[in-house]
Each structure stands twice: as C-alpha cells, then as structure tokens.
Amino acid sequence: MSVMKRLSMIFKSKANKALDKMEDPRETLDYSYQRQLELLQKVRRGVADVATSRKRVELQLNGLEQSARKLEEQGRKALSVGREDLAREALQRRSGIQSQMADLKVQHDNLQAEEEKLTTASQRLQAKVDAFRTKKETIKATYTAAEAQTRINEAFSGISEEMGDVGLAIQRAEDKTAQMQARAGAIDELLASGALDDVTGTRGDDIQAELDRMGGGMDVELELARMKAELGQGSAPQSAIEQGQPQQQAQPHQQAAPHQQGQGQTQHLRQPGENA
C-alpha cells in the first residue's frame, strides 16, 4: 500500500470516528423527517398546480362553449333573414371553436388524470410521513431513556467523566488532609521531645514538664488520702496532707511506741519501713 493510500485511509477513519462521535440519532431522525415534510409539500404544491391548470382549461372550455352556442344562434338568425352567407360564416367559426374545444378536452382529461395520480401519491406519502413521525418519536424516546440509564449507571459505577472528576477531587482533598494531619502530629512530637523550640513561649522546658507531671501525681495521692480518712480507714496528719506527703495507715497488727524528742513526748504511728 502506498503512502498516499495509507494517509487517505487514516484520514477517512479519523473523520468517520469524529463524525460518529458527533452524530446524534435524534437530530438525524428530525432532519430526515423535515426532508420528508419538504418532499410532501412539493407534492402538494404539484397537485395544486395541476388542479389550477385543469381549472383554467375548464374555464376556457366554458368560454368556447358559450362562443359556439352564440355562433349557432347567429347562424339561425342569419338564415331566418335570408342571409345564408352570414349563417355559413357563423357555422365555420363554430367549427373552429369546436376543434379547439376538442383539444382542450384532451388536455383537461390528461390534467385530471395527473391530478388524481398526484393526489394519490400525496396521500400515500402523507401516510408514510405520519408513520415515520411515530417511529421517529418512539426511537427518540427509547434513545433518550437509554442515554439517561447509561449516565445513571456510569454515575453509580464512578466511570463517568463528571463523577471521575469529583472522585479525583475528593481523593486529592483526603490526601492533603492526611498529609496535614501527619505533619501536625510530627510537629507536636518534635515540640514535646524538645527537638524544636516553641517560638511563642507557651511551652515550658523539660524540667518544668517533669515537675508538672509529678505534681499531678501528688494531687492524686492527696485525694486518695482524703477519701480514706472520710471512710474511717485511717487518718492522715493535716500537716502531711498540706505538705503533699500522704501518711500510710497503721495496720491492726502494728503497735505504737513512745519516743523522747526534745522537751516533751509525742506519739506517732510507726511508718512502714521504720526501725522500732
């Protein structure tokens, strides 16, 4: 195959594909129906023209018949007054008119036959156009329904162009959101570990963070000591509670021992781990 033939085939195939993509069956059917209506209109116009010609011939025949009757009357009158020459002239004229009438009758018959033929063709064409119109509307409705169903199915399956764009937009938004969340979490971890400095100064140093954590534990121990005291399980010295040093409750098997301290004697509960 030569280069030109290949180029021609490629061009034709591309053009055919483009035309097939651009073609809408509904528009094609509407165009075909419009062409049939134009053809029907031409046939009807032809019927009207033939009928007009036939009517014109009929008018001419009527006029010639009147002229023939008039000449016949004139010939009778001429004979009645003894003018045979005038009567002969009148009869000769009437003979020429009758010849014309014969020709016009032939034309009239031909026109009438043509008119009947065109009328029949117009009626048949009208029936075909009506049938085509019904079929056209049915095909258009079916095509529209199929097109709508196809679009719905494509939307459900996510393969349509519009839904594909929406899906890509959602995917990009989710990816960016996940990336921002990961970035925020990483920065929080770096700030907490001290790898990054908080330029706003809202975070303390690592020592303060440890003290805050220990203070939170003290609060828990104080609250636990108060709850035990309220339940009667033991008492904790007020001074120890205020200083944040909860006292352990003495067990029933433990005994208290007096000790000399300074000028007076005080009794206190033996703490677990103390030497007697």
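Residues numbered from 1 in each chain as written. Predicted model: local features only at pLDDT ≥ 70, side-chain atom pairs only at ≥ 80, totals over all residues. Heavy atoms only, no water.

Notes on the pattern of salt bridges
Now for step 1: Scanning the model with the defined rule gives 15 salt bridges in all.
Now for step 2: The closest approach of N and O atoms between arginine 76 and glutamate 72, which form a salt bridge, is 3.3 Å. Separated by 4 residues within a single helix, arginine 76 and glutamate 72 lie in helix α2 (residues 25-80), roughly one turn from each other.
Now for step 3: Two residues, glutamate 84 and arginine 88, come together in a salt bridge whose shortest N-O distance is 3.1 Å. With glutamate 84 and arginine 88 both in helix α3 (residues 84-157) and 4 residues apart, the pair spans about one turn of that helix.
Now for step 4: On the basis of relative accessible area, arginine 88 is assigned to the partly exposed category, the value being 44%. (Salt bridge = Lys/Arg side-chain N within 4 Å of Asp/Glu carboxyl O. Helix = DSSP H or I, 4+ residues; strand = E, 2+ residues; numbered from the N terminus. Buried < 20%, exposed > 50% of the residue type's maximum accessible area, 1.4 Å probe, protein only.)

Looking at α2
Now for step 1: Compared with an ideal rise of 1.5 Å per residue, which puts 56 residues at 82 Å, α2 spans 82 Å between its outermost C-alpha atoms and is within 8% of the ideal.
Now for step 2: Following α2 by one or two positions, glycine 82 has its phi on the positive side, about 85°. (Expected span 1.5 Å × (residues − 1).)

Here's the deal with a nonpolar patch on the surface
Now for step 1: A cluster of nonpolar side chains, contributed by Val3, Met4 and Leu7, occupies part of the molecular surface with about 340 Å² of accessible area.
Now for step 2: Here valine 3 lies in helix α1 (residues 3-22). (Patch = residues over 30% accessible without salt bridge, like charges linked within 9 Å, V, L, I, M, F, W, Y side chains within 5 Å. Areas by Shrake-Rupley, 256 points an atom, 1.4 Å probe, with all protein chains shown as cover.)

Digging into the confidence of the model for the chain
Now for step 1: With 70% of its residues at a pLDDT of at least 70, the chain reaches an overall mean of 76.
Now for step 2: Low confidence marks residues 243-276, where pLDDT is under 50. Its contacts with residues over four positions away, or in another chain, come to 28 contacts. (pLDDT = per-residue confidence, 0-100. Contact = heavy atoms within 4.5 Å.)

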